[in-house]
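# Close look at the chain arrangement
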Amino acid sequence: MIPLCIPEIRGNEWKYIKDCLDTNWVSSVGAYVNKFEDDFQKYMNSKKAVVTMNGTTALELALRTLGIGIGDEVIVSSLTFISPVNTIKYVGAEPVFVDVCRDTWVMDADKIEEIITPKTKAILPVHIYGHPADMDKIMQIAKKYNLYVIEDATESLGSLYKGKAAGTIGHIGCYSFNGNKLITTGAGGMLVTDDEKLGEKAKYLSTQTKTVLENGGFYHEEIGYNFRMPNLLAAMGCAQLENVEEYIKIKRENAKLYNSLLKDERGITLPSEKEDVRNVYWLYSILVESDYHFTRDQLIFKLKENGIQARPFFMAVHEMPPYRQCRCGDMNITNELALKGINLPSSLGLREDDIETICKIIKQQ
Ligand SMILES: *Cc1c(COP(=O)(O)O)cnc(C)c1O
């Protein structure tokens, strides 16, 4: 069985977690919590990082930190894991869906302006499968209409856009350390920002807005949240982050091998990497076009019969019952890609001959 994407534990994970256990610092304060935030912020070249329970809470925290709520609209992609869209609802705002690009599969910046209204408060691009959206264009539009930009970089940790890390270009960026992500803490998330005031507010909101008084008492000026990550998991995060560039190298090498084996296959469209972008190919993905010798789902079942786990692209969120009434732009590309895309096995432990086996099955008539 070749799984889609499983974690890689090969560094100081045991050592740092044992240290937490040995010293009794297991809960939500501790040296590894601070170290993970510091290390992450440095790696991203960002001003402030705030660690959270998971990627979803990082996104919710981003919206709350920016004061987005009832009556506001947030423009978001529909070809995404549902989490960022749900968080827009959690804060009482409304998602408005925008289409994606045919080649990069991420938010189409050229289709944003036509769906902006006076209620629009933010744009939330989701950098799926490892490729960042066109952030220059998105930031230009945001500036013109005075909107916030929240980047969902959960699937593009380590991707670069014009030399900048995905997630550090908008006002706030969010990451996830779920088990299938590039680096993992089992469950976890991170928020980064270059605006120190926003960073402090995010930390404050995520830690129950707790102010400790001189006598040790707790004072709370407003309603806060417990979005904290325990020291035990932060310890794992510190260890994982030490290997992140090595992991990215492996993902890119795997993608290169997949690309070279599949490039001449009729009906298969390969993933793209725009100029000035480093795609981390978090999930190596292809499109199954109509002139391929099987349908997309037939290929998924054929891979499954051969012990290979593949997954169709995200179903469009605007087609899901809670979101069918939401405002949308033209969704042609989203609808098309949702039917054509496949994620192929992308674990860091994938072997060369695994990739050869997978590609051989894809080429079989
Ligand atoms: C994984 C993921 C998240 C958040 O994940 P958590 O499981 O909450 O850590 C958010 N958005 C996208 C696009 C994701 O893939």
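Just above sits the structure.
Below is a summary of the structure that appears in this document. (Residues numbered from 1 in each chain as written. Predicted model: local features only at pLDDT ≥ 70, side-chain atom pairs only at ≥ 80, totals over all residues. Heavy atoms only, no water.)

### Here we look at helix α5 (residues 135–145)
By the burial criterion, the buried members of α5 are Met-135, Ile-138, Ile-141 and Ala-142. When α5 is viewed along its axis, its buried side chains cluster within an angular range of 125° and face the same direction. Turned more than 90 degrees off the buried face of α5, the exposed positions are Gln-140, Lys-143 and Lys-144. The inward-facing, buried residues of α5 contact β4 (120–124), β5 (148–152) and β6 (160–161). Looking one or two residues past α5, Asn-146 carries a phi angle of roughly 60°, positive in sign. (Buried < 20%, exposed > 50% of the residue type's maximum accessible area, 1.4 Å probe, protein only. Helix = DSSP H or I, 4+ residues; strand = E, 2+ residues; numbered from the N terminus. Arc of directions from axis to C-beta. Contact = heavy atoms within 4.5 Å.)

### Observations concerning the side chain of Thr-57
With respect to the helices and strands, Thr-57 occurs in helix α3 (residues 55–65). Taking relative accessible area as the criterion, Thr-57 reaches 7% and is therefore assigned buried. In this structure Thr-57 touches Thr-52 and Phe-227, once residues within four positions along its chain are discounted.

### Digging into the site of the ligand
Residues in contact with the ligand amount to 16 residues; listed here are only the nearest, Thr-56, Asp-152, Glu-155, Ser-176 and Lys-181. Lys-181 is positioned such that a nitrogen or oxygen atom in its side chain is 3.4 Å from an oxygen atom of the ligand. For the shell around the ligand, the secondary-structure elements that each account for two or more residues are α3 and α4 (83–90). Counting residues per element, the shell around the ligand draws most heavily on α3, at 3 residues. (Near = heavy atom within 4 Å. Polar contact = N/O pair within 3.5 Å; in protein donor to acceptor, adjacent residues only side chain to side chain.)

### Quick look at the sheet that holds strand β9 (residues 189–193)
Strand pairing in a sheet is mediated by backbone hydrogen bonds. Such pairs are either parallel or antiparallel. Within the open sheet, the 7 strands sit side by side as β1-β9-β8-β5-β4-β2-β3. Their pairing is mixed. Either end of the sheet is taken by a strand with one partner, and the two such strands are β1 (48–52) and β3 (94–98). Each strand of the sheet is rotated relative to its neighbour by a mean of 25°, with strand direction disregarded. Against the sheet, α3 touches β1, β2 (73–77), β4, β5, β8 (172–176) and β9, its axis set at about 165° to β8. (Pairing = 2+ DSSP bridges. Axes fitted to C-alpha atoms, helices over the stretch in contact; angles between N-to-C directions.)

Scope: geometric values only; no functional claims are made or implied.
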